[in-house]
Structure formats: structure tokens, C-alpha cells
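This is what each chain is made of:
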Amino acid sequence: MNSAVDPLAITTEGSIRIWTINLPDLGNAITSRDFIASFEAAVDDANADTTIRTIILTGAGKIFSAGGNVKEMANRTGMFGLDARAQRQAYAEGIQRLPRALARLEVPLIGAINGPAIGAGCDLAMMCDIRVASDRASFAESFVQLGLIPGDGGTWFLQRTIGYERAAEMTLTGDRIDAATALEWGMVSRVVPHDDLLPQAHALAKRISKNPAHALRMAKRLLHESRTGALESTLGLAAAMQPLAHRDPEHEQRIAQWKSP
């Protein structure tokens, strides 16, 4: 890394890993190559470590993520100074690596949204499996207000989270919504007082992490495939996965300890 500070701070507490976007002086911008490389490495490391059963993603400071680096856009530096053909390639080799990385993340991911999630920051939040929001959180698909479009897959994720019409309203106005509205629209599963955000996210992570790692990873994959796959494809995948689950030693231990409700 070129930076003295890792743009993604990583800590581990038992079977729970915490990823913190660690660029508060830049609004936790997520478009730099350093951040993207750190994020991809974190995904691959978590996939390889079967002791990790849940991940929490949050932001350092007061902002979850402001998305792109607007100063670089204004100054036409970095990828924003390239010609159109090179910039198209830069998107594929840059910010679009984040949704691709999360598409291969096997571990359940909780977004602990501690403040504004704007533009690509909003899209990153939508890529999480579950979102818990601080009452100070807000969300904006703000690209059009800068004369831009979501370049990171935001149009794919947002409408699958809140439906087409609400996603269209956010995308075409660029307006910001508060945490209460995000809860009403189903963008987050709960809104909690700001000081309770990480404790609540950890409590949820602990509930998830009590379950066998193999079952969690397969259940997550089945959920993701079910978003776009046909019923028959989903049934076929479930039929292929379930025998693997039946043969896992942890399944046998759980069955031996099971008590009927």
C-alpha cells in the first residue's frame, strides 16, 4: 500500500470480523486503488478462514462513506483525468471490483451504517446482506446531482433492496433520505440510537455466528442465487448443497444435541 494508514482497518473478535473504512479525512471515499485492493484482500482472507462466521462493515468517524473522491473529480486527477475509453476501463478495473468482490464473499456481511452513505457509499451499503443504521445515518443515490450515473452497480442493488419505484425516485432525484425513511422503505432492518449501533451490530453478528459455518456460507449463497435465478435453478442448487450439509460433522453434533421446541 502506498498509504501509511491501511484504508480498511480489520479486527477480529472470535468468529466475528470487523471491517472499518478508515479514511475519515477523505469522507471514507472508496474509489482509490489502495482501498479497493485492501477490500479484495479482506474478502479473500475471510473466505479462506472458516473460523470467521460473520463480518461487520462500518466507517471511521462520522461518515459511513461519501462514495467517490469529489476533489479528484473536480481536479481531473487519477482516473477522472483519463480519456473516455481509458476511463471506461478504469471503472471496470476500479470501483466495479467492489461488487464483484462482494459477490464472491461467502461470509454473511452486516453493514453498520454509522452516518451518511452517499453515492457509491450508499451502493456499498446496499451490497451488504443486512443493514443496521444509526439514527444519524442517511442515504443518497446522488450521482445525477453531479451529472453522473451510478457506475458501480448501484442501479442493480438498490432496486432489489427497495423496489423499482423507490429506487427510481432516489436515482433520478439524487435526494437524501433519513434513517427513519430507510427503515420504512426496507433499506435497513433496524434503526438504533447512534451509541448503540456497534453493540447492536455485534449482538446480531453473535446470533448469526452461533450457527455452523458451512450452513451459513451455503445459505448465503442460496439467498444470493435466489434473487435472480428461476425456482427450478434454486431447487437444484439446494438439492446439491443439502447433502454436503448432511455430511458435515457440525451438523451431526447439532442433531445429537437438538431438543424439540
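Residues numbered from 1 in each chain as written. Predicted model: local features only at pLDDT ≥ 70, side-chain atom pairs only at ≥ 80, totals over all residues. Heavy atoms only, no water.

1. Some thoughts on the pairing of strand S3 (residues 54-59)
Selection rule: Using a 1.4 Å probe on the protein chains alone, a residue whose accessible area is under 20% of its type maximum counts as buried, one over 50% counts as exposed, and one in between counts as partly exposed. Each helix corresponds to a stretch of at least 4 residues labelled H or I by DSSP, and each strand to a stretch of at least 2 residues labelled E; elements are numbered beginning at the N terminus. Two strands pair if DSSP finds at least two bridges between them. Look down the strands so they point away from you; if going from the first strand over the helix to the second traces a clockwise path, that crossover is right-handed.
Within S3, six of the six residues are buried, which leaves the element mostly enclosed by the surrounding structure. Because side chains alternate across S3, one face comprises the buried residues Thr 54, Ile 56 and Thr 58, and the other comprises Ile 55, Leu 57 and Gly 59, equally buried. Bridge count for strand S2 (residues 16-21) against S3 is six bridges, and the pairing is parallel. Following the sheet pairing, Thr 20 is matched in S3 by Thr 58. Each parallel crossover has a hand, and for S2 linked through helix H1 (residues 33-48) to S3 it is right-handed. Of the strand pairs in this sheet, S3 and strand S4 (residues 109-113) are connected by three bridges, and their pairing is parallel. Looking across to S4, one finds that Leu 57 is bridged to Gly 111.

2. Here's the deal with unusual backbone geometry
Look at Asn 28: it is not a glycine, yet its phi comes out positive at around 55°. Take Asn 28: it is sitting in the loop between S2 and H1.

3. Notes on the packing of aromatic side chains
Condition: Two rings from Phe, Tyr or Trp (for Trp, the six-membered ring) form a pair when their centres are within 6.5 Å of each other. A pair whose planes differ by under 30 degrees is stacked, one over 60 is edge-to-face, and the rest are tilted.
Applying the stated criterion to the full structure yields three aromatic pairs. Both rings, one in Trp 19 and one in Phe 39, keep their centres 5.3 Å apart while their planes meet at 65°; by these two values the pair is edge-to-face. Of this pair, Trp 19 sits in strand S2 while Phe 39 sits in helix H1, and the two are 20 residues apart along the sequence. Accessibility assignment for this pair places Trp 19 and Phe 39 in one class, buried. With centroids separated by 5.1 Å and ring planes inclined at 70°, the aromatic side chains of Trp 156 and Phe 157 adopt a geometry described as edge-to-face. For Trp 156, a relative accessible area of 36% corresponds to the partly exposed category. Since its relative accessible area comes to 12%, Phe 157 is described here as buried. In this structure an aromatic cluster arises from ring pairing among Trp 19, Phe 35 and Phe 39.

4. Things to note about the domain arrangement of the protein chain
Keep this limit in mind: As annotated, the domain borders come from an automatic or database domain assignment. Should any heavy atoms of two residues lie within 4.5 Å, those residues are counted as being in contact. Buried area: the accessible area, evaluated with a 1.4 Å probe, that two parts lose upon being put together, summed over both parts. For this analysis, a salt bridge means a side-chain nitrogen from Lys or Arg found within 4 Å of a carboxyl oxygen belonging to Asp or Glu. Here a polar contact means two N or O atoms within 3.5 Å. Within protein one must be a hydrogen donor candidate and the other an acceptor candidate, and residues neighboring in sequence count only if both atoms are side-chain atoms.
Splitting the protein chain by domain gives domain 1 (8-210) and domain 2 (213-258). Spacing between the C-alpha centres of domain 1 and domain 2 amounts to 27 Å. At the junction of the two partners, domain 1 supplies 20 residues and domain 2 supplies ten residues. Buried surface at the junction of domain 1 and domain 2, both sides included, amounts to about 1,200 Å², of which 41% is carbon and sulfur. For Arg 53, the salt bridge is made with Glu 250, and the minimal N-O distance between the two is 3.4 Å. Our count for the contact surface shared by domain 1 and domain 2 stands at twelve residue pairs in polar contact (both at pLDDT 80 or more).

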